[in-house]
Amino acid sequence: MLFLIHTWDRPGALDVRLANRNDHIAWLNSAGDAVKAAGPWLDEAGDMAGSLIIADMADRAALDAWLAEDPYGRAGLFERVEIAPWRWLVNPPFDNAA
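Below, the structure is looked at part by part. (Residues numbered from 1 in each chain as written. Predicted model: local features only at pLDDT ≥ 70, side-chain atom pairs only at ≥ 80, totals over all residues. Heavy atoms only, no water.)

## Description of the packing of aromatic side chains
What counts is decided by this rule: Stacked, tilted and edge-to-face are the three classes applied to pairs of Phe, Tyr and Trp rings, where Trp contributes its six-membered ring and a pair requires centres within 6.5 Å; stacked means planes under 30 degrees apart, edge-to-face means over 60, and tilted covers the rest. A helix here means a DSSP run of H or I that spans at least four residues, while a strand means a run of E at least two residues long, and both kinds are numbered starting from the N terminus. Relative accessibility decides the category of a residue: with a 1.4 Å probe and only protein chains considered, values under 20% of the type maximum give buried, values over 50% give exposed, and everything between is partly exposed. The rule is short: NZ of Lys or CZ of Arg within 6 Å of the ring centre and within 35 degrees of the ring normal puts a charge over the ring.
By the definition in use, this model includes 4 aromatic pairs. Ring centres 6.3 Å apart and planes at 70 degrees place the aromatic pair W8 and W41 in the edge-to-face group. Residue W8 is located in strand β1 (residues 2-9), and its partner W41 is located in strand β2 (residues 35-42); the two are separated by 33 residues in the primary sequence. You can call W8 buried: its relative accessible area is 17%. For the ring pair Y72 and F78, a centre distance of 6.2 Å and an interplane angle of 85 degrees mean the geometry is edge-to-face. For Y72, a relative accessible area of 1% puts it in the buried group. Taking the relative accessible area as the measure of exposure, F78 reaches 19% and is therefore buried. Over the ring of W8 we find R80; its NZ or CZ atom is 3.6 Å from the centre of that ring.

Structure follows, in structure tokens:
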């Protein structure tokens with residue numbers, strides 16, 4: 001099942017993001033092809049202000065267990081996190097017609 005994870009950084013926490021960035025990227029890469037897309041979204045000044053991840057997990061419990069290991073989350077970077085099941089409709093790299 002695909003999930004969209006959309007996070008917002010705490011105001012003034014760019015230093016937390018930068019200090020944990022390498023560990024966060026390594027954590028994303030360790031998930032292999034379960035991570036379909038990931039990257040920071042930018043504020044109007046062009047600074048990283050949050051993250052967007054699309055992940056393929058067995059269910060919400062598996063997703064929550066995986067997210068609990070995110071170095072950004074462990075460092076307290078996020079002000080807000082929204083998660084929703086997601087269906088890739090246009091140009092999916094695989095069949096998800098279900």
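## A short note on the sheet that holds strand β4 (residues 78-85)
Worth spelling out the cut-off: Pairs of strands are assigned from DSSP output, requiring at least two bridges between the strands. With axes taken as lines fitted to C-alpha atoms, and helix axes fitted only over the stretch in contact, angles between N-to-C directions fall between 0 and 180 degrees. Here a residue-residue contact requires only that any non-hydrogen atoms of the pair lie within 4.5 Å.
Across the sheet, 4 strands lie side by side as β2-β3-β1-β4; this open sheet has antiparallel pairing. Either end of the sheet is taken by a strand with one partner, and the two such strands are β2 and β4. For this sheet the average axis-to-axis angle between neighbouring strands, irrespective of direction, equals 15 degrees. One ladder, built from 7 bridges, connects β1 with strand β3 (residues 48-56); its direction is antiparallel. Of the residues in β3, the one forming a bridge with T7 is S51. Lying on the sheet, helix α1 (residues 14-30) is in contact with β1, β2 and β3; it crosses β3 at an angle near 20 degrees.

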